[in-house]
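As a plain string of letters, each chain reads:
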Amino acid sequence: MRIDIITVLPRLLESPFSDSILKRAQDKGLVEVNVHDLRPYSTDKHKRVDHYAYGGGAGMVMMIEPIAACLKKLQSERFYDEVIYMSPDGESFNQTMANELSLKKNLIILCGHYKGVDERVREHFISREISIGDYVLSGGELGAAVVSDAVIRLLPGVLSDETSALTDSFQDDLVAPPVYTRPAEFDGMKVPEILLSGHEKKIEEWRFEKAVERTKK
Ligand code: SAH
């Protein structure tokens, strides 16, 4: 899989991809994440990428020209399954959407900033708009990192134990059961007996019961 993220603040996306699971996924060649700085695509002599809103009002708007130029370049190089715009009024991101996106080959994620992008970008260039929740962030970068993380960890080979993603919350419409590790007792707080029993079938039943209980709650 290949993910191309377009942003005016590429530095904001350095750390989420340079550690742990997401870094290993790239090192193993299972995903390629490319972050594109929008500024060089501006034809303006001051390399500006935003301007005042027509009709007035507070806040700058990201201009269509540099975005169009960047998209055109990327799309001339390969086919993209989706051109995503991160937006608070987009579809709410969830596990089903992460599963669906993990089956795609090439994705573009456009991050807005300031007041957002010129509406013509949304109307003509975007195939999907995704929100990570009903609140407003300063930019789409953190959202793009959230979406990429949720998608990348589902790619075969990314998690060392392939079944791990399947037992996470939401995969079967249930949230995950509680988990424990060593020591078996800490300051009188004990790990449920059943988990130490070695009885696989009973443990599985217990986990299922707990997952149902938590989901109902
Ligand atoms: N004026 C816009 C908010 C702009 S916030 C409005 O009221 O809807 C600046 C940028 O941050 C947006 O263009 C978007 O890319 C990103 N953003 C903000 N909140 C987000 C959210 N909840 N989910 C995804 N992206 C978000």
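Residues numbered from 1 in each chain as written. Predicted model: local features only at pLDDT ≥ 70, side-chain atom pairs only at ≥ 80, totals over all residues. Heavy atoms only, no water.

**A closer look at unusual backbone geometry**
Short version of the rule: The way it works is that DSSP assigns letters per residue, a run of H or I at least four long becomes a helix, a run of E at least two long becomes a strand, and they are numbered from the N terminus.
The amide bond that connects Arg182 to the next residue, Pro183, takes the cis arrangement and shows omega of 0°. Here Pro183 lies in the loop between helix H5 (141-152) and strand S8 (185-186). One non-glycine residue with positive phi stands out, namely Lys47, at about 60°. Inspection of the secondary structure assignment puts Lys47 in the loop between strand S2 (32-37) and strand S3 (50-52).

**Description of the site of the ligand**
Convention followed: A single heavy atom is enough: if one lies within 4 Å of a molecule or strand, its residue is considered near that molecule or strand. Here a polar contact is taken to be a pair of N or O atoms separated by no more than 3.5 Å, where protein atoms must pair a possible hydrogen donor with a possible acceptor and residues adjacent in sequence count only if both atoms sit in side chains. To measure how exposed things are, a 1.4 Å probe is used in the Shrake-Rupley method; for residues, cover is taken only from the protein chains shown. Polar here means any residue outside two lists: the nonpolar Ala, Val, Leu, Ile, Met, Phe, Trp, Tyr, Cys and Pro, and the charged Asp, Glu, Lys and Arg; Gly therefore counts as polar.
Around the ligand sit 19 residues, and of these Tyr85, Met86, Gly112, Gly133 and Tyr135 come closest. Taking Met86, its main chain carries an N or O atom lying 2.6 Å from an oxygen atom of the ligand. Between the ligand and Gly133 there is a distance of 2.9 Å, counted from a nitrogen atom to a backbone nitrogen or oxygen. Considered on its own, the ligand offers 560 Å² of accessible surface; in the complex 84% of this is hidden by protein. Taken together, the elements giving at least two residues each to the shell around the ligand come down to strand S5 (82-92) and strand S7 (128-131). Looking at the shell around the ligand, the element that brings in the most residues is S5, giving 4 residues. Of the residues in the shell around the ligand, the class split is 9 nonpolar, 9 polar and 1 charged.

**Observations concerning a nonpolar patch on the surface**
Put simply, the rule is: Think of a patch as exposed residues, more than 30% relative accessible area, with no salt bridge, where like charges cluster within 9 Å and nonpolar side chains (Val, Leu, Ile, Met, Phe, Trp, Tyr) cluster within 5 Å. Salt bridge, as used here, is a side-chain nitrogen of Lys or Arg placed within 4 Å of a carboxyl oxygen of Asp or Glu. Throughout this description, buried means an accessible area under 20% of the type-specific maximum (1.4 Å probe, protein chains only), exposed means over 50%, and partly exposed covers the range between.
Taken together, Tyr135, Leu137 and Leu142 make up a surface patch of nonpolar side chains, about 290 Å² in accessible area. For Tyr135, the location among the structural elements is in the loop between S7 and H5. Accessibility expressed as a relative area gives 44% for Tyr135, which makes it partly exposed.

**A closer look at the domain arrangement of the protein**
The following threshold applies: Domain delimitation in this document rests on an assignment produced automatically or drawn from a domain database.
One can read the domain layout of the protein as domain 1 (2-152) and domain 2 (174-216). Here domain 1 and domain 2 have C-alpha centroids that lie 40 Å from each other.

**A word on the pairing of S2**
Along a regular strand, successive side chains alternate from one face of the sheet to the other. For the record, the criterion: Any two strands between which DSSP finds at least two bridges are classified as paired. Whether a crossover is right-handed depends on one test, that the path from the first strand over the helix to the second runs clockwise when the strands point away from the viewer.
As judged from the 6 bridges shared by strand S1 (residues 2-7) and S2, these two strands associate in the parallel manner. Across the sheet, Asp4 pairs through a bridge with Asn34, a residue of S2. On the question of chirality, the crossover connecting S1 to the parallel S2 by way of helix H1 (residues 20-27) is right-handed.

**Examining the environment of Val136**
Within the secondary structure, Val136 sits in the loop between S7 and H5. Linking Val136 and Asp27, residues 109 residues apart in sequence, is a C-alpha distance of 33 Å.

**Concerning the environment of Tyr85**
Our working definition: Only heavy atoms matter for contacts: two residues are in contact if any of them lie within 4.5 Å across the pair.
Mapped onto the elements of the fold, Tyr85 is located in strand S5. Linking Tyr85 and Val121, residues 36 residues apart in sequence, is a C-alpha distance of 9.3 Å. Among all residues touching Tyr85, those that are not within four sequence positions of it are Leu110, Gly112, Gly116, Val117, Arg122, Ile126, Arg128, Glu129 and Ile130. Separated by 3.3 Å, the side chain of Tyr85 and the backbone nitrogen of Val117 make a polar contact.

**Side note on the pattern of salt bridges**
All chains considered together, the criterion is met by 15 salt bridges. A salt bridge links Glu32 to Arg2, with the shortest nitrogen-to-oxygen separation between them at 3.3 Å. You can see Glu32 sitting in strand S2 and its partner Arg2 sitting in strand S1, a full 30 residues away along the chain. Note that Asp89 and Arg122 form a salt bridge whose closest N and O atoms lie 2.8 Å from each other. On the criterion of sequence distance, the pair formed by Asp89 in strand S5 and Arg122 in helix H4 (residues 119-124) is long-range, its members being 33 residues apart. Here the residues in one salt-bridge network are Glu82, Glu91, Glu100, Lys104 and Arg128, joined through shared partners.

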